[in-house]
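# Geometric and topological summary
The lines below spell out each chain.
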Amino acid sequence: MSSNDIQVDVSLYGSPDGGRTPNRPEPEDQSDLLPNLTPSRSASGNLPGDLEPIRQHWEQRGRKYGLSPSVSWVDETMLHREGIILASFISEGERVLDAGCANGYTTLQLARMKAVRITGVDYAPSMIEHANLNLNRAGPLKGSVLFRVGNFLNLDFPTASFDKVITKRCMINLGNTDHQKAALLEAYRVLKPGGLFLISEVSVQSANHLNQLRQRLGLQTMTPLWHNCYLDEKELFSFAEPYFELKKIKRFSSTYYVLTWVLYPLFVRSGRRNYRSWYHRLSANLPQFGDYGLQKLYILQKR
Ligand SMILES: C[S@@+](CC[C@H](N)C(=O)[O-])C[C@H]1O[C@@H](n2cnc3c(N)ncnc32)[C@H](O)[C@@H]1O
């Protein structure tokens, strides 16, 4: 990292049964259609060994932040906005998987808005413990919610179980492109034919666009945290081609990033950033222009 770089937290930036539906016939096994990207497993479980430090990071963060939405992203304004955008691609009555749900903020937000049957999985037990506490305190929900410990790379759900699979910044925590491809294949497997894979993540290309704009205006470049591996849109979506059709890219955070990660640092040079300020909330709700948002929603449909 050069001295001209700043690190950006986009983690911000950075089971047992429960998902099986009785009386539903087991769908056709599609495993023979999939290339073998099975990663080597750690001795302690079904997680690839190279991902264990990242899992420990999230486990600790889950304990530290408890019930707070900031457990996954300190930018609570954009976190909330992102959930609203996602909800527009989810219909009443659907069965939804939230992969890498952390302490359940978005899972519960969606269940508040829609009468869905939604399951949140996360590989960090502390996250699921707090997700269940958040569920107990959630008040009335339109949908039903289940949280369980699980690994996105090896989901414990039958083939074709879900209408929608969501990943919000979970794929950028998978260490490398091969694991991201493996997660994409797991999403493919558990989705029903025609189901949508809703990917709200940061890509290398998005980060480059934003950094080019920042550099032109004399600002430092932003680099990912150690545990983040941004998606390479080109590589991932050309790999996805036989399995999914890329239906749409929703650039929901471009205006926000220009206003809060370009103009704001130009004009507000001191003080702690307040993500809940009127400025951030207004910026999140303005119409979109350009392609400068780190966070984008990719809508993929299972073929
Ligand atoms: C940046 S947080 C995002 C949380 C949530 N999706 C949100 O948007 O608020 C990433 C989450 O993914 C989880 N995660 C990362 N890799 C995972 C995996 N292989 N299986 C399940 N969960 C995973 C982490 O424990 C963490 O809670």
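Conventions adopted
- Residues numbered from 1 in each chain as written.
- Predicted model: local features only at pLDDT ≥ 70, side-chain atom pairs only at ≥ 80, totals over all residues.
- pLDDT = per-residue confidence, 0-100.
- Contact = placed C-beta atoms within 7 Å.
- Axes fitted to C-alpha atoms, helices over the stretch in contact; angles between N-to-C directions.
- Helix = DSSP H or I, 4+ residues; strand = E, 2+ residues; numbered from the N terminus.
- Left-handed = near helix turned anticlockwise from the far one by under 90°.
- Core = buried A, V, L, I, M, F, W, Y, C linked by C-beta atoms within 7 Å.
- Buried ≥ 20, exposed ≤ 12 C-beta atoms within 10 Å, placed from the backbone.
- Near = placed C-beta within 6 Å.
- Nonpolar A, V, L, I, M, F, W, Y, C, P; charged D, E, K, R; others polar.

## Considering the confidence of the model for the chain
Of the residues in the chain, 85% have a pLDDT of 70 or more, and the chain-wide mean is 87. Low confidence marks residues 1-5, where pLDDT is under 50. Its contacts with residues over four positions away, or in another chain, come to 6 contacts. Low pLDDT, under 50, characterises residues 9-45; the predicted model gives this stretch 65 contacts beyond four residues in sequence or across chains.

## Observations concerning the packing of helix α5 (residues 177-190) against helix α7 (residues 233-240)
Contact geometry of α5 with α7 gives a least axis separation of 11 Å together with a crossing angle of 35°. Judged by the sense of rotation from one axis to the other, the crossing of α5 with α7 is right-handed. Residues T177, Q180, K181 and L184 of α5 pack against E235, L236, F239 and A240 of α7.

## A word on the environment of R55
Mapped onto the elements, R55 comes out in helix α1 (residues 52-65). In contact with R55, other than residues within four places in its own chain, are L47, Y123 and A124.

## As for the nonpolar core
Counting 72 residues, the largest nonpolar core has V96, V165, A183, A187, V190, L191 and F197 as the members making the most contacts within it. At 7 residues, the largest contribution of residues to this core is made by α5. Beyond its immediate stretch of four places on either side in the chain, F197 contacts V165, A187, L191, F244, L300 and K302.

## Concerning the site of the ligand
Surrounding the ligand, one finds 24 residues, the nearest of these being W58, S72, G100, A102 and K168. Listed by contribution, the elements that provide at least two residues to the shell around the ligand are α3 (105-113) and β3 (117-122). For the shell around the ligand, the class distribution of residues is 14 nonpolar, 7 polar and 3 charged.

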